[in-house]
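Residue strings, one per chain:
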Amino acid sequence: MENKIHRHKIISHVLLVLGLLFFLPLLGRAEPENPSSPEAIFTQANAHYEKGEYQAAITLYRHLVAEGYESGPLFYNLGNSYFKLGEKGYAVLYYEKARRLIPHDADLKANLTYALSSVEEGSITWWLAIKSAMTHLAPLGTWIAAAAICYVFFFLCLILKMLMPALTTNPAGQPKTWWRRSLITSGVLLLLTASLAALTFLEQNTPQGVVLTAGDARFEPVAGASIHYHLSPGTRLRILEEKGGWLLVRRLDGKRGWVEKQLVGEL
Amino acid sequence: MQQRMAKILFYFLSTLCMLMFVTPVFAQSAHLALEATEIPVGGYTEMRIILENASAASSPEIGEIDGLQIRSRGVSQQMQIINGQVTRTTTYNYLISGVKPGEYQLGPYTVKAGRQNLTTSALTLKVVEQAMSGPATSTGEENSRPSGGDPLDGQLFLRLVLPKKQFYTGEKVRAQIKLYVGAVVLQSLHYPQLNQAEVLVEGMEQPVKSREVINGQPFQVLTFSPELTMVKTGKFTLGPVRTDCSILVRNHPFSSFFEEFFAEERPLQVQSNTLDLEVLPLPSKERPADFSGAVGQFELEVMATPTEVLQGEPVTLKMIITGQGNLSMASAPVIAGLEQFKVYDPQKDFLLTTDPSQEKVAFEQIVIPLEVSTTSLGPFTFCYFDPVTAKYQRITVPALPLSVRENPDFQKTVLPPGGHEPGAEFGQDLVFIKNHPGRLRQTSEVFYRQRWFWLIQYLPFLFFLASYAYRRYQQKQEADTPAARSARAYRQASKALQSISGRLTTAGPSPGLLDELNQLLRVYLGATYNYVAAAITANITDELRTKIDDQLLLAMIKEFFEQYDYYKFTGATFDRHAALKLINLTEDILYGLNAEQHKQNNTGRRGDPYGK
């Protein structure tokens, strides 16, 4: 009888511990959100935006950026806030940053198109258009993850061949079709994803910028030099060289010129 | 002498390099100029083909024209540096003589300059029967008042020319303001001024230079071609156009070479003739409701990207209007059937055209399909007023095909049956901010910036290397080489010995056990040293001496076979103790022989265990 009671006690204790383990995450969720957490700051910034306090929203969003945080919605909201303040250059800058993380976001596409609608950038050269399309197919992380999966799968096929030859080869000693197809497919996909990852990485590490304040591109890095073309806020540029306080830039239509560094925000 | 030559070569190459670096910055162009556009039969005029910043590989092909005689007068070159900008001009000169009366088109001529072909415009030369009697008159030209007076005496005058006298409100026309410069030296010139409330003047750019002969006197003509837009209706007098300039007046009887040093600069204002014009209002009776406000002659082109979208995804429409006329007041083309779309305001953008008489405007508009059933977008209609036919015209571009797929994440705004939300208007604005921060993380926390991620990428490769090494080992073991056979035999013998040992423990010694041990060792020796197992006896040790260095091992083998013969053939009792002793001996022999094999393999005797 005593044994029975003792057994019941043990079972009830085990159930209590299990129950606590099960409900612990829920209890954690019920706790109030830490007001200094990045998510809370993001929510506060959104509240400012909704009230039309765009400058306050920008301060909070930028606080997160200064803390080293990044996400597509963060840059997108920052772009929206700047646009509402009439800072088209900054808006395009942050939309472009967001585009690297959420390239397929329909809202982002619409807002970026809207922000660029009155920006004179010239006709984009065809190779830049192709390159831009390829490097914005997916975020860099997606390509790296995809390449890593293909890489593991490729080596898995090779390891299988080494360890289980009977499974991967037919009696005549030829590799089985399924194994050959798997190897070729994973190899091709590895090559493709790795190439796209490399291309996207190189693109993102090529110095690029956006014109923040209207200015002129000149033939020489001197204040009084002849003006080559005018740059309106939001114009996207490639930065080719830096000299003193000047940047040698190339517009999307291939036109080059020297611009004062302070006019350009780097991506 | 050599030093001087080197110096000259250095300067020459430096200049060449400078020109090479400077010239590509400026555009290459070719122009055609006529000294006079009208000559009498038997008269002459000069034609020039001017190349700017280009050097032709060969002279332009002029060809022969029936009614004209054309002779080359050589090539001249000029280089001008203004504010550090270098302009190189190459001029091909031709003398043209009129043979028969008529109108002749000269050009366009193509000149090959470097990799590109430069083409000039075309000009018309009129050859008349009689000698010209006075300044040429143009359509719409009246009240011509060559100004300047004494001492210019008709040597400097301005002329305003329009192609017609009657216009419509909003109509755009290119005027010509011609400054005729005769036997005076023009020192400076300001842009002509035409300030009138009835017209809007745009595009007063650099004048085009040409030459004309009036009453036998050559004039240099500077032609300004501004665009005039008629903004008020009614009759009015256009002009005069005024321009401020200064000329040099010679006060000293020196030759013309010193003229510039001793001449006096005299400012003056030149004014043109006036023109009586009438501007009519656009007909209001038949004005269509969708009239865009454009006046002229136009074409419409429409593009949509993408044409395959998910429900709720934006489609960008690009509507390009090209033509001659005024598009500054034009609104976007009307798009029919937009009930199933969310529509943003169009963005208007003026585009550059290669032909300065053409206007080009692009309207970019974003529309978002709300229904999956949508299959097309449009049609598109653009209505404008054509001043030539004096009628409203309409261009219609058929609907573009559009494929809309269902989007499970799309939440459609429910609109009342009438269409738009009450009080709300269509317009363009930003799409609202995101409520969720997404994967908000520190830049350094991204997985591909972590060292562990790149370190684990080595694992598949290392696993592969290990499996490759294992496979090689397996293959070696399975191969038909002496070493492989020896290894296999050792494994089999060890296994069999374990089995015998186990049976001895459980069932005790048996006569069969002795034979099994003998068989086991003979098989091993046969496989390892390539003997016939059945023929192996105690004498084998004599033969093995050449192959095994270890004398103790040879003695042990000999002892085994002697023990076997003893128990087998003398009838001695093969008890547990004897069996155990023989098993241990066999085990020692197997172990020793295997070690000897390894030793021989490692010291280069591998593959030659038979001593052959």
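Residues numbered from 1 in each chain as written. Chains lettered and ligands numbered in written order. Predicted model: local features only at pLDDT ≥ 70, side-chain atom pairs only at ≥ 80, totals over all residues. Heavy atoms only, no water.

Another point: the overall build of chain B. For chain B, the count of helices and strands is 9 helices and 35 strands. For chain B, with 612 residues in total, the buried portion stands at 40%. Restricting to contacts in chain B with at least 6 residues of sequence separation, those with at least 24 account for 69%. Accessible surface for chain B amounts to roughly 35,200 Å². Of this, 52% is attributable to carbon and sulfur atoms. (Helix = DSSP H or I, 4+ residues; strand = E, 2+ residues; numbered from the N terminus. Buried < 20%, exposed > 50% of the residue type's maximum accessible area, 1.4 Å probe, protein only. Contact = heavy atoms within 4.5 Å. Areas by Shrake-Rupley, 256 points an atom, 1.4 Å probe, with all protein chains shown as cover.)

With 39 residues, the main nonpolar core has Tyr-49, Tyr-61, Leu-64, Phe-83 and Tyr-95 of chain A as its most contacted residues. Secondary-structure elements contributing two or more residues to this core are helix H2 (38-50), helix H3 (54-66), helix H4 (72-84), helix H5 (88-101) and helix H6 (106-116) of chain A together with strand E29 (359-369) of chain B. Counting 36 residues, the second largest nonpolar core, distinct from the first, contains Leu-517, Tyr-524, Ile-548 and Ile-557 of chain B. (Core = buried A, V, L, I, M, F, W, Y, C linked by side-chain atoms within 4.5 Å.)

With 44 residues of chain A at the interface, the matching set in chain B holds 38 residues. Considering only the side of chain A, the residues that lose the most area to chain B are Glu-70, Tyr-114 and Met-162 of chain A, jointly responsible for 17% of the buried surface there. Inspection of the chain A/chain B interface yields 2 salt bridges. Counting across the interface, chain A meets chain B through 13 residue pairs in polar contact (both at pLDDT 80 or more). (Buried area = accessible area lost by both parts, 1.4 Å probe. Salt bridge = Lys/Arg side-chain N within 4 Å of Asp/Glu carboxyl O. Polar contact = N/O pair within 3.5 Å; in protein donor to acceptor, adjacent residues only side chain to side chain.)

The next point concerns the sheet that holds strand E21 (residues 264-271) of chain B. Residue and element names in this part refer to chain B. If you trace the 3 strands from one edge of the open sheet to the other, you get E14-E20-E21, paired in antiparallel fashion. Sheet topology places strand E14 (185-189) and E21 at the edges, where each strand pairs with a single neighbour. For this sheet the average axis-to-axis angle between neighbouring strands, irrespective of direction, equals 35°. Relative to strand E20 (residues 242-249), E14 runs antiparallel, the two being bridged by 4 bridges. Residue pairing in the sheet places Leu-186 in a bridge with Ile-247 of E20. (Pairing = 2+ DSSP bridges. Axes fitted to C-alpha atoms, helices over the stretch in contact; angles between N-to-C directions.)

This part is about H3 of chain A. Each full turn of the α-helix corresponds to 3.6 residues, which orients residues three or four apart in the same direction. Residues and elements named next belong to chain A. Its 13 residues place the ends of H3 18 Å apart at the C-alpha level, agreeing with the 18 Å of an ideal helix rising 1.5 Å per residue. Taken together, the buried positions of H3 are Tyr-54, Ala-57, Ile-58, Leu-60, Tyr-61 and Leu-64. Buried positions in H3, seen along its axis, are confined to an arc of 170° and lie on one side of it. Buried residues along H3 sit in contact with H2, strand E1 (69-70) and H4. Within two residues after H3, Gly-68 carries a phi angle of roughly 95°, on the positive side. (Expected span 1.5 Å × (residues − 1). Arc of directions from axis to C-beta.)

This brings us to the side chain of Asn-46 of chain A. Here Asn-46 of chain A is to be found in helix H2. Polar side-chain contacts of Asn-46 of chain A include one of 2.4 Å to the side chain of Tyr-61 of chain A. For Asn-46 of chain A, the contacting residues outside a window of four places in its chain are Tyr-61 and Asn-77 of chain A together with Ile-433, Lys-434 and Asn-435 of chain B.

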